[in-house]
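# Structural overview
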Amino acid sequence: MINLDGVSYYYGEENVLSNISLKIKENERAVLLGSNGSGKSTMLKILNGLIYPQKGKYTFNGKGITKKFISDKTNNKNFRSEVVLLFQNPDMMIFNPTVYDEIAFGLKQLGYDNIDDKVKYWANRLNIFNYLDTPPYNLSGGEKQKVCLASILVLEPKVLLLDEPTAHIDPRTTGWFVDFFYELNLTTIVATNNISLAMELGERGIVLSENHQLIYDGGLEQLLDDKESLLKANLIHKHKHKHNGLEHKHYHIHYWD
Ligand SMILES: Nc1ncnc2c1ncn2[C@@H]1O[C@H](COP(=O)(O)OP(=O)(O)O)[C@@H](O)[C@H]1O
Ligand SMILES: [Mg+2]
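As the structure is a computational prediction, the values presented were derived from the model and not from experiment.

## Overview of the nonpolar core
- By size, the foremost hydrophobic cluster in this structure holds 49 residues, and its most contacted members are Leu33 and Ile103.
- In terms of residue count, helix α6 (residues 141–153) provides more of this core than any other element does, six residues in total.
- In this view, Leu33 contacts Lys40, Thr192, Asn193, Asn194, Ile195, Ala198, Ile206, Val207, Leu208, Leu220, Leu223 and Leu235; residues no more than four positions away in its chain are not counted.
- With 30 residues, the next largest nonpolar core counts Leu47, Phe60, Val83 and Val159 among its residues.

In structure tokens, the structure reads:
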């Protein structure tokens, strides 16, 4: 379904993705791991067709996702409905006067019918029905996240890309999110630097190193045993400290998602 072949990306001179090749099959649940600045968000933007690799190729269901491809109206409509991205910061996505308008926006832009039914269905599923007339900027972080999720799921996508989805929500909403996510029947790629959460969000781990290379692609459980890759990706660190007056060394997982 998704195929990245030797993809590199540069911001000016700075290389932020280096020769990445991977394939993702339909209904796979992948977790994209890497420390801050490793290139996770950049990769999701490429997969969402917001930016295009300067080297290598991205194909989705056999079609090369290029600027030219997306500039065609029908391709744009199909691709924008099939592959959706939840940005890390919900405030980046929200700009409509009401929750209703926010959820309906993509459907209107892409020219869909039965907008009202679809908006209400997803508002209901995400427990934000009572907020449909509310301005989204009045909502809490967790509720904004739900509005953003509704606004992309309403397009009935095939692939859901999530960029650090729990970075702006409290622990209770995170628990809700994990359960909700589990019920979705989609191909998903979730970027996070939180290994403990990763296990809840997929079976396959894809790890970017600090020098923007793919250093691990395989089972998440095996990854947790692969201390070398985790250290290299700066997902765990080693330090000394004292328990009951006895100094010892061990690995720590970062929880700062
Ligand atoms: N719009 C941009 N312009 C220039 N550099 C950027 C831009 N966005 C990200 N970068 C740089 O690209 C690198 C990778 O960023 P990003 O993909 O956001 O990593 P991550 O999501 O893993 O934290 C970082 O060094 C970041 O500073
Ligand atoms: Mg990021």
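On we go.
## Brief notes about the sheet that holds strand β5 (residues 63–64)
- Overall, antiparallel pairing links the four strands, which are arranged β2-β1-β4-β5 in an open sheet. This sheet does not close on itself; its edge strands, each paired only once, are β2 (14–24) and β5.
- Relative to β5, strand β4 (residues 55–60) runs antiparallel, the two sharing two bridges. From the neighbouring strand, Thr59 faces β5, where its bridge partner is Gly64.
- Set on the sheet, helix α1 (residues 40–47) makes contact with β1 (2–11), β2 and β4; between it and β1 the angle comes to about 125 degrees.

## Focus on helix α7 (residues 171–183)
- For α7, which comprises 13 residues, the first-to-last C-alpha distance of 19 Å matches the rise-based estimate of 18 Å (1.5 Å per residue) to within 8%.
- When α7 is considered as a whole, its buried residues turn out to be Thr173, Thr174, Phe177, Val178, Phe180 and Phe181.
- Buried residues in α7 make contact with β3 (29–33), α5 (115–125), α6, β7 (159–163), β8 (187–192) and α8 (195–201).

## Some thoughts on the packing of aromatic side chains
- Applying the stated criterion across every chain, the model contains seven aromatic pairs.
- Judged by centre distance (5.2 Å) and plane angle (90 degrees), the ring pair of Tyr121 and Trp122 falls under edge-to-face.
- Chaining the aromatic ring pairs together yields one cluster made of Tyr58, Phe60 and Phe79.
- The positively charged end of Arg29 is found above the aromatic ring belonging to Phe181, 4.6 Å away from the centroid.
- When the ring centre of Trp176 is taken as reference, the NZ or CZ atom of Lys146 above it lies at 4.3 Å.

## Looking at the sheet that holds strand β6 (residues 83–86)
- Strands sit in the order β6-β7-β8-β3-β9-β10 across an open sheet of six strands; the sheet is mixed. Edge positions in the open sheet fall to β6 and β10 (214–219), since each of these has one partner strand only. On average, adjacent strands in this sheet sit at an angle of 15 degrees to one another, irrespective of strand direction.
- Pairing geometry for β6 and β7, over four bridges, is parallel. Bridge pairing links Val83 to Val159 in β7.
- Across the sheet, α6 is in contact with β6 and β7; its angle to β6 comes to roughly 170 degrees.

## Quick look at the pattern of salt bridges
- The tally for this structure, following the rule as stated, stands at six salt bridges.
- Ionic pairing is found between Arg204 and Glu28, a salt bridge with its closest N-O pair at 2.8 Å. Here the residue Arg204 occupies a position in strand β9 (residues 204–208), and Glu28 occupies one in the loop between β2 and β3, the gap between them amounting to 176 residues.
- Residue Arg204 is classed as buried on the basis of its relative accessible area of 12%.
- Between Lys40 and Glu164 there is a salt bridge, with its nearest N and O atoms 3.7 Å apart. With Lys40 in helix α1 and Glu164 in the loop between β7 and α7, the pair connects residues that are 124 residues apart, well separated along the chain.
- Take Lys40: its relative accessible area is 4%, and that puts it in the buried class.
- Given the relative accessible area of 7%, Glu164 is considered buried.
- Here the residues in one salt-bridge network are Glu28, Arg204 and Asp217, joined through shared partners.

## Focus on the site of ligand 1
- Looking at ligand 1, the residues that line it are Tyr11, Glu14, Val16, Ser35, Asn36, Gly37, Ser38, Gly39, Lys40, Ser41 and Thr42.
- The contact in question runs from an oxygen atom of ligand 1 to an N or O atom on the side chain of Ser41, over 2.8 Å.
- Thr42 places a side-chain nitrogen or oxygen 2.5 Å from an oxygen atom of ligand 1.
- Protein coverage of the free-state accessible area of ligand 1, which is 570 Å², stands at 61%.
- Broken down by secondary-structure element, the contributors of at least two residues to the shell around ligand 1 are β2 and α1.

Conventions we followed
Residues numbered from 1 in each chain as written. Chains lettered and ligands numbered in written order. Predicted model: local features only at pLDDT ≥ 70, side-chain atom pairs only at ≥ 80, totals over all residues. Heavy atoms only, no water. Core = buried A, V, L, I, M, F, W, Y, C linked by side-chain atoms within 4.5 Å. Buried < 20%, exposed > 50% of the residue type's maximum accessible area, 1.4 Å probe, protein only. Helix = DSSP H or I, 4+ residues; strand = E, 2+ residues; numbered from the N terminus. Contact = heavy atoms within 4.5 Å. Pairing = 2+ DSSP bridges. Axes fitted to C-alpha atoms, helices over the stretch in contact; angles between N-to-C directions. Expected span 1.5 Å × (residues − 1). Phe/Tyr/Trp six-rings, centres within 6.5 Å; stacked < 30°, edge-to-face > 60°. Lys NZ or Arg CZ within 6 Å of the ring centre and 35° of its normal. Salt bridge = Lys/Arg side-chain N within 4 Å of Asp/Glu carboxyl O. Near = heavy atom within 4 Å. Polar contact = N/O pair within 3.5 Å; in protein donor to acceptor, adjacent residues only side chain to side chain. Areas by Shrake-Rupley, 256 points an atom, 1.4 Å probe, with all protein chains shown as cover.

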